[in-house]
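Residues per chain are reported as follows:
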Amino acid sequence: MNKPSGINVLWFKRDLRLRDHEPLKAAIEAGQQSGRPLLLLYCFEPSVMADPNYAMRHWRFVYESLTDLNGQLMDLPITYTAPVYLFQREVIDVLTALHRQFTIHTLYSHQETGLRITYDRDKIVARFCQQHRLDWREYESNAVRRGLKTGVGVQANWDRTMQQCQQQPDLTRWQPVRLLANWYEVERGPALPDDWQQTDPQFQPGGERNAHRYMTSFFAQRIAQYENSISKPLESRRGGSRLSPYLAWGCLSARQVYQAYQQAVRPPNGSNGIRPSALFISRLRAQSYFIQLFERDERIEFENKHSAFDALEKQVNPAHFLAWQTGQTGYPLIDACMRCLIATGYVNFRMRALLISFLTHHLFQHWQEGGWHLARQYTDFEPGIHYAQLQLQAGILASDRQPVRIYNPVKQSQEHDPEGQFIRQWVPELVACPTRYIHQPWTMPALEQQTAGCRIGQEYPAPIIDTKQTYQFAQEQFYKFRNQITSSRSDLPGDHLVER
Ligand SMILES: Cc1cc2nc3c(=O)[nH]c(=O)nc-3n(C[C@H](O)[C@H](O)[C@H](O)COP(=O)(O)OP(=O)(O)OC[C@H]3O[C@@H](n4cnc5c(N)ncnc54)[C@H](O)[C@@H]3O)c2cc1C
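Each chain has its residues counted from 1, running along the sequence as written. Local features are withheld for residues below a pLDDT of 70 in this predicted model, meaning they are given only at 70 or higher, and side-chain atom pairs are given and counted only at 80 or more; totals for whole chains, interfaces and linings count all residues. Where side-chain values are given, they derive from all heavy atoms of the structure, hydrogens and water being excluded.

By the naming in an unreviewed UniProt entry, the chain goes by Deoxyribodipyrimidine photolyase and is assigned to Rudanella paleaurantiibacter. Looking at the Sequence similarities (unreviewed entry) heading of the UniProt record, one finds this comment for the chain: "Belongs to the DNA photolyase family." UniProt positions are given in the numbering used here, feature names are shortened, and annotations may be inferred rather than shown by experiment.

Given below as structure tokens:
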């Protein structure tokens with residue numbers, strides 16, 4: 001066979017794994033048939049990194065994940081291998097440079113349901129491919145259907161995808177492209193920042209192998225505590241699966257998680273499996289459900305889902321916003337959650353809902369700025385889930401059938417951190433506060449405050465608002481607008497996803 005001209009390129013996006021990876025499998029198989037070698041590519045794109053939803057913690061996680069892939073590639077039992085090449089440039093510039101140097105024949109990637117910035121970027125890439133007559137093969141990701149405008153068929157597609165065989169690339173048959181060091185040095189863009197390369201033990205580590213470690217420990221042990229712990233800020237850190245960053249950045253596919261769960265419930269060797277958890281599966285299903293919702297209605301990154309709420313005026317209060325953003329509201333559970341999130345990149349679902357409820361209902365601030373702040377904190381930031389959940393918890397995704405859920409921060413604190421352990425860990429000003437006052441430290445008598453070394457208004461702030469009044473006000477405002485909404489059932493997540 002004559003040596004074919006050109007190369008193929010596999011563009012990694014939010015799919016940082018080597019297993020169950022359909023485009024990688026297809027690209028390797030195409031290389032075997034055509035003899036065309038395959039380059040593995042990841043671009044840290046300056047425009048995406050500058051987006052207000054992103055922060056250094058995301059790129060550190062991605063960097064760790066890519067380092068893990070490269071470690072695996074170097075360990076392959078083949079004589080000639082290559083890494084995933086990392087560039088710090090816009091992808092269009094990298095593709096242009098690669099095409100000029102090698103002629104790209106086919107570009108392989110997963111479809112991405114992302115922010116406006118990556119959607120626009122993909123349109124530019126599509127135009128580039130058209131202009132240069134190169135084929136861009138995109139593959140469905142986690143059962144999210146491209147361009148689907150209704151909810152019809154979503155559940156069936158999820159069930160089918162989860163049960164299908166995993167798409168395992170045979171890397172021993174990969175014919176890698178190795179870039180010339182001089183060329184790569186010139187084209188790769190600036191060196192990657194040092195701080196991405198420092199691991200932070202407070203955060204979940206990136207990487208496909210770490211993802212499998214978390215998944216194994218969850219199905220082997222931690223799932224036993226799952227249902228009792230997921231609403232609690234402290235216990236959920238161990239009892240939750242903690243698979244969200246690995247799913248968000250694609251170190252795992254939803255199908256791998258689903259199938260590992262099925263195996264744990266019904267082990268192939270016939271031994272006793274774990275107790276099934278319908279709740280866990282409903283949450284895994286929600287992952288793709290919410291991304292599908294965003295695929296259908298991506299403008300919710302910037303606009304209210306229902307325009308009826310556009311007239312709901314929210315005055316900007318920078319002092320209140322800053323207090324919320326830095327964990328200085330005077331409500332211990334709110335402050336503990338925010339400080340913990342900033343320090344570790346994670347709080348559980350209920351506490352995320354509480355933070356948004358406090359901001360948008362009690363402080364009566366718009367969701368956009370707060371949404372950006374939270375996105376920058378979550379290691380697992382996933383645009384589709386984040387924006388749909390943000391609007392859901394802010395009450396503006398709701399239909400006329402659903403009550404607006406305004407959480408009471410004191411009640412949540414009493415129910416989910418009754419002894420105040422989580423609060424004391426993240427709000428050290430309250431470490432000596434007696435448990436009977438920990439949820440409402442402003443009710444502590446002056447002498448007790450002195451004894452506990454925590455004078456309200458000095459060492460720890462007095463509450464910035466009175467939630468009895470703000471609850472009343474938010475309710476009245478909301479119901480004025482909510483009654484104007486008519487939305488179809490298929491627009492809405494099931495109640496089980498809202499309530500937990
Ligand atoms: C305002 C707000 C913003 C959120 N933003 C994100 C986000 O950016 N990225 C993200 O992955 N999750 C987000 N969530 C959902 C949820 O809080 C996290 O997925 C969960 O806390 C992750 O912990 P876990 O992996 O232990 O979850 P588990 O309970 O073990 O669930 C397993 C997996 O299912 C998915 N999942 C769980 N809960 C939900 C849910 N309610 N909706 C959709 N998928 C779910 C996640 O991928 C998770 O890893 C958000 C929730 C709220 C209220």
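Now that the structure has been shown, we can carry on.
A. Expanded view of the overall build of the chain. The helix and strand labels rest on DSSP assignments: H or I over at least four residues marks a helix, E over at least two residues marks a strand, and numbering proceeds from the N terminus. Along the backbone of the chain there are 23 helices and five strands. For 500 residues, the compact-globule formula gives about 23 Å, and the C-alpha radius of gyration of the chain, at 24 Å, lands near that figure. Expressed as lengths along the three principal axes of its C-alpha atoms, the size of the chain is roughly 85 × 50 × 50 Å. In this description, contact between two residues means that some pair of their heavy atoms is separated by no more than 4.5 Å. Of the contacts made within the chain by residues no fewer than 6 positions apart, 79% connect residues no fewer than 24 positions apart. Looking at charge distribution, the chain has the averaged site of its 55 positive side-chain charges lying 4 Å from that of its 50 negative ones. All radius of gyration figures rest on C-alpha atoms, and the globule criterion is 2.2 Å times the number of residues raised to 0.38. Positive charges are assigned to Lys and Arg, negative charges to Asp and Glu, while His and the chain termini are left out of the count. Every charge is mapped to an atom, namely NZ of Lys, CZ of Arg, CG of Asp or CD of Glu.

B. Region of interest: helix α12 (residues 254-265). When the terminal C-alpha atoms of α12 are compared, their 17 Å separation across 12 residues agrees well with the 16 Å that a helix rising 1.5 Å per residue should span. Inspection of α12 places Ala 254, Arg 255, Gln 256, Val 257, Tyr 258, Tyr 261, Ala 264 and Val 265 among the buried residues, and these make up the whole buried set. Along its buried surface, α12 packs onto α6 (154-163), α8 (208-220), α11 (244-248) and α13 (278-296). Here, expected helix span is obtained from the residue count minus one, scaled by 1.5 Å. Throughout this description, buried means an accessible area under 20% of the type-specific maximum (1.4 Å probe, protein chains only), exposed means over 50%, and partly exposed covers the range between.

C. How the structure looks around the site of the ligand. Taken together, 27 residues lie near the ligand, and Tyr 226, Ser 241, Arg 242, Asp 380 and Glu 382 sit nearest. Between the ligand and Arg 283, the relevant distance is 3.2 Å, taken from an oxygen atom to a main-chain nitrogen or oxygen of the residue. To be clear on the numbers: accessible area is Shrake-Rupley with a 1.4 Å probe, and residue cover counts the displayed protein chains and nothing else. The protein chains hide 98% of the 830 Å² of surface that the ligand would expose on its own. Listing elements by their share of the shell around the ligand, those giving two or more residues are α11, α13, α16 (349-362) and α18 (383-393). Take the shell around the ligand: its biggest share by element is six residues, from α13. Summary of the distance rule: residues count as near a molecule or strand when at least one heavy atom falls within 4 Å of that molecule or strand. Pairs of N or O atoms within 3.5 Å make up the polar contacts considered here, provided that, within protein, one atom can donate a hydrogen while the other can accept it, and that residues adjacent in sequence are counted only when both atoms are side-chain atoms.

D. Structural context of unusual backbone geometry. Its identity as a non-glycine residue notwithstanding, Thr 103 has a phi of 65°, on the positive side. By the element assignment, Thr 103 lies in the loop between α4 (91-102) and β4 (104-110). Unlike most non-glycine residues, Asn 142 shows phi in positive territory, near 50°. Position of Asn 142 among the secondary structure elements: in the loop between β5 (135-139) and α6.

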